[in-house]
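These are the residues of each chain, in order.
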Amino acid sequence: MATETLSFIFLNAVLANNFVLALFLGLCPFLGVSGKINTALPMGLATLFVMLVSSVCAFLINEVLVAFEIEFLRLIAYIAVIASAVQLVEMALKKFTPALFRSLGIFLPLITTNCAILGLALFQTFKEYSFLQSLVYALGAGLGFILAILLMAGLREKLELSTMPSITQGAAVSLMLGGLLSLSFMGFAGLGG
Amino acid sequence: MAKKQDNTITWDTFSEGLWRENPVFVMLLGMCPVLAVTNSAINALAMGIATLFVLLASGTLISLLRNSIPKQVRIATYIVIIATFVTIVDYTIQAISLDLYNALGAFIQLIVANCMILGRAEAYSSRNPPLKSIINATGMGLGFTLALLCLGVVREILGAGSLFGIDLFGPRFEPWVVMVLPAGGFLVLGAWLLLFEWLKQRKSETELNPAAES
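Keep in mind it's a predicted model, so treat the numbers as computed, not measured.

Asks: Let's hear about the overall build of chain A: which residues, and what values?
Replies: Each helix and strand counted, chain A has 8 helices and 0 strands in total. The linear arrangement of helices and strands in chain A, starting from the amino end, is α-α-α-α-α-α-α-α. Along the first, second and third principal axes, the C-alpha atoms of chain A reach 60 × 40 × 25 Å. Taking as baseline every contact in chain A between residues at least 6 positions apart, the subset at least 24 positions apart corresponds to 82%.

In structure tokens form, the structure reads like this:
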């Protein structure tokens, strides 16, 4: 059992080891949906929700797998759980906010292959977090994802108004921005310890 | 699915993944392992080979089963097939080299969530006969490995002054630590993309007005 305090886990996941900028998890939506703040925020919230649900499920499933000594099925079980959680979010969004559902488009089902979520489930298992620790870790990771994607969307909205040389129009400049954001997040290293 | 398929295998089947539709540089798929494990050339190569194997094996199996998988549950089926092969790779690497396993960490298991593999399964293997998808998957996998190596080599040379663990510049070289840190991954990939875009634009300009170049 890990002995880290809850506040340490939280700060670590949000800032010092931000899932997107320090661990490179969940880059596809980070680069794909960060064009506008209006779509970035719901995407972040959906990811946060899926993270919380799958973190709880992953914890329970791991208990079962360990009890039966079939840990080699862990990966398959986790990915199935995540796929179902994503389906749940998709149905909820379609029912309550159809407009938002349409604007997120293909990126909603792609949360399934968002490595941030599978990564979260795997990391909490490796670190042997307790139930409460896992939940706080998931919350921190989700908020960290929202923070990163919002910062990126804000920067890219500003960027649209400026003139750039023609070769930098495309993904290259987004990656450069990501690099700079990542550099600035390195300043948080050691925080919360 | 169209009844009549183009079953001819051409050089293009193999080479489109290498260059024209390179998964990393052109389609920007599977970015997470690309940036996370390329801090040294050997890690990049191992990751590339592992991904190549999963891509090849899952592509073959999905292509063989393509007519018996119901359309509604196809994504779930693909994911389970991919997860099975990733588990095999995971245990194999652990058995071969524990050092490498520790260096790559959770990213071997995260091959499951590599959108390139699922994307190829959905877009190619489920529509084409086995031989053709094997060839295409090899091309794609090699393209992916090549891209990983491009990043890994640059980052290792600049960040550690070595290549595949062999010292290049002697003791006086001051390593650019930023290159092996996360930020370096973003910057190097961004620089590669800029280079390709520059080459592409120069090429199209030359084609448009060949007289201006002379």
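Structure's up, so let's keep going.
Asks: Mind laying out the overall build of chain B, listing which residues take part and the relevant values?
Replies: For chain B, the count of helices and strands is 10 helices and 2 strands. Reported as C-alpha extents along the three principal axes, the dimensions of chain B are approximately 60 × 60 × 25 Å. For chain B, with 214 residues in total, the buried portion stands at 42%.

Asks: With reference to specific residues and values, describe the interface of chain B and chain A.
Replies: Listed by partner, the interface residues are 32 residues for chain B and 35 residues for chain A. For the side of chain B that touches chain A, the residue count by class is 25 nonpolar, 6 polar and 1 charged.

Asks: Requested: an account of the UniProt feature "transmembrane region" (unreviewed entry) in chain B, with residues and values cited.
Replies: Residues and elements named next belong to chain B. Residues annotated by UniProt as "transmembrane region" (unreviewed entry) correspond here to residues 21–38, 44–64, 76–94, 100–121, 133–155 and 175–196. A distance of 28 Å separates the end C-alpha atoms of residues 100–121, which is 55% helix and 0% strand. Summarising residues 175–196: 86% helix, 0% strand, and an end-to-end C-alpha distance of 26 Å.

Asks: Describe helix α7 (residues 130–160) of chain B, and please don't skip the residues or the numbers.
Replies: Between its first and last C-alpha atoms α7(B) spans 43 Å; for 31 residues at 1.5 Å apiece the expected length is 45 Å, and the two agree. B:Gly161 sits one or two positions beyond α7(B) and adopts a positive phi of about 70°.

Asks: Which residues make up the UniProt feature "transmembrane region" (unreviewed entry) in chain A, and what are the values?
Replies: The sites that carry the UniProt feature "transmembrane region" (unreviewed entry) are, in the present numbering, residues 6–28, 40–61, 73–93, 100–123, 135–155 and 167–191 of chain A. Between the C-alpha atoms that bound residues 6–28 of chain A there is a distance of 29 Å. The span itself is 57% helix and 0% strand.

Asks: Report on the packing of α7(B) against helix α9 (residues 182–208) of chain B, specifying residues and quantitative values.
Replies: Helix packing for two helices is described by the angle between their axes and how far apart those axes are. Residues and elements named next belong to chain B. Their axes nearest at 10 Å, the elements α7 and α9 cross at an angle of 120°. Here α7 is positioned oblique relative to α9, judged by the angle of their axes. The two elements α7 and α9 cross, and the hand of that crossing is right-handed. Contacts between α7 and α9 involve Cys150, Leu151, Val154, Arg155 and Gly159 from the former and Gly184, Val188, Leu189 and Trp192 from the latter. Here the contact of α7 with α9 is built from residues that sort into 6 nonpolar, 2 polar and 1 charged.

Asks: Can you lay out unusual backbone geometry for me, pointing to particular residues and giving the numbers?
Replies: Residues and elements named next belong to chain A. We note that Glu69 has phi near 55°; this positive angle belongs to a residue other than glycine. Structurally, the position occupied by Glu69 is in the loop between α3 (37–68) and α4 (74–96). Although it is not a glycine, Glu128 adopts a positive phi angle of roughly 55°. Positionally, Glu128 belongs in the loop between α6 (115–126) and α7 (131–160).

Asks: Explain the environment of B:Leu35 to me, using residue names and the numbers behind them.
Replies: For B:Leu35, the location among the structural elements is in helix α2 (residues 31–36). The exposure class assigned to B:Leu35 is buried, which follows from the 26 C-beta atoms found within 10 Å. In the structure, B:Leu35 is positioned 25 residues away from B:Thr10 in sequence and 32 Å away in space, judged by C-alpha atoms. Non-local contacts of B:Leu35, meaning those with residues more than four positions away in its chain, are made with A:Phe24, A:Leu27, B:Gly185, B:Phe186 and B:Leu189.

Asks: Can you lay out the nonpolar core for me, pointing to particular residues and giving the numbers?
Replies: Grouped together as the largest cluster of nonpolar side chains are 110 residues, with contacts concentrated most on A:Leu118, B:Ile82 and B:Val112. Setting aside its immediate chain neighbours within four residues, B:Val112 contacts A:Leu75, A:Ile79, A:Leu118, B:Ile82, B:Ala83 and B:Val86.

Asks: Could you give an account of helix α6 (residues 115–125) of chain B, naming the residues involved and the relevant values?
Replies: Buried within α6(B) are the following residues: B:Cys115, B:Met116, B:Ile117, B:Leu118, B:Arg120, B:Ala121 and B:Ser125. In the core, the buried residues of α6(B) are packed alongside α2 (27–32) of chain A together with α3 (41–64), α4 (74–96) and α7 of chain B.

Asks: Requested: an account of the environment of B:Gly170, with residues and values cited.
Replies: All names here are of chain B. Mapping Gly170 onto the fold places it in the loop between β2 (166–167) and α8 (177–180). Assessed through the 7 C-beta atoms surrounding it within 10 Å, Gly170 is described here as exposed. Once the C-alpha coordinates of Gly170 and Ala113 are considered, the two residues, 57 residues apart in sequence, prove to be 40 Å apart.

Asks: Talk me through the packing of helix α1 (residues 11–20) of chain B against α7(B); I want residue IDs and the actual numbers.
Replies: Residues and elements named next belong to chain B. Running from amino to carboxyl end, α1 crosses α7 at an angle of 20°, the nearest separation of the two axes being 7 Å. One finds that α1 runs roughly parallel with respect to α7. By crossing handedness, the relation of α1 to α7 is classed as right-handed. Listed contacts from α7 to Thr13, Phe14, Ser15, Glu16, Gly17 and Leu18 of α1 are Lys132, Ile135, Asn136, Thr138, Gly139, Met140, Leu142, Gly143 and Leu146. Grouping the constituent residues of the contact of α1 with α7 by class yields 6 nonpolar, 7 polar and 2 charged.

Asks: Describe the confidence of the model for chain B, naming the residues involved and giving the relevant values.
Replies: All names here are of chain B. Mean pLDDT over chain B works out to 81, with 93% of the residues at or above the 70 mark. No element of chain B has a lower mean pLDDT than helix α10 (residues 210–213), at 52, and none a higher one than α3, at 90. Reported confidences for the modelled complex are a pTM of 0.82 and an ipTM of 0.78.

Asks: So what's going on with the environment of B:Glu122? Which residues, and what values?
Replies: Tracing the backbone through its elements, the reader meets B:Glu122 in helix α6. Separated by 103 residues in sequence, B:Glu122 and B:Trp19 place their C-alpha atoms 20 Å apart.

Reading the values: the criteria
- Residues numbered from 1 in each chain as written.
- Chains lettered and ligands numbered in written order.
- Predicted model: local features only at pLDDT ≥ 70, side-chain atom pairs only at ≥ 80, totals over all residues.
- Helix = DSSP H or I, 4+ residues; strand = E, 2+ residues; numbered from the N terminus.
- Contact = placed C-beta atoms within 7 Å.
- Buried ≥ 20, exposed ≤ 12 C-beta atoms within 10 Å, placed from the backbone.
- Nonpolar A, V, L, I, M, F, W, Y, C, P; charged D, E, K, R; others polar.
- UniProt positions renumbered as here; feature names shortened; annotations may be inferred.
- Expected span 1.5 Å × (residues − 1).
- Axes fitted to C-alpha atoms, helices over the stretch in contact; angles between N-to-C directions.
- Parallel < 35°, antiparallel > 145°, perpendicular 65-115°, else oblique.
- Left-handed = near helix turned anticlockwise from the far one by under 90°.
- Core = buried A, V, L, I, M, F, W, Y, C linked by C-beta atoms within 7 Å.
- pLDDT = per-residue confidence, 0-100.

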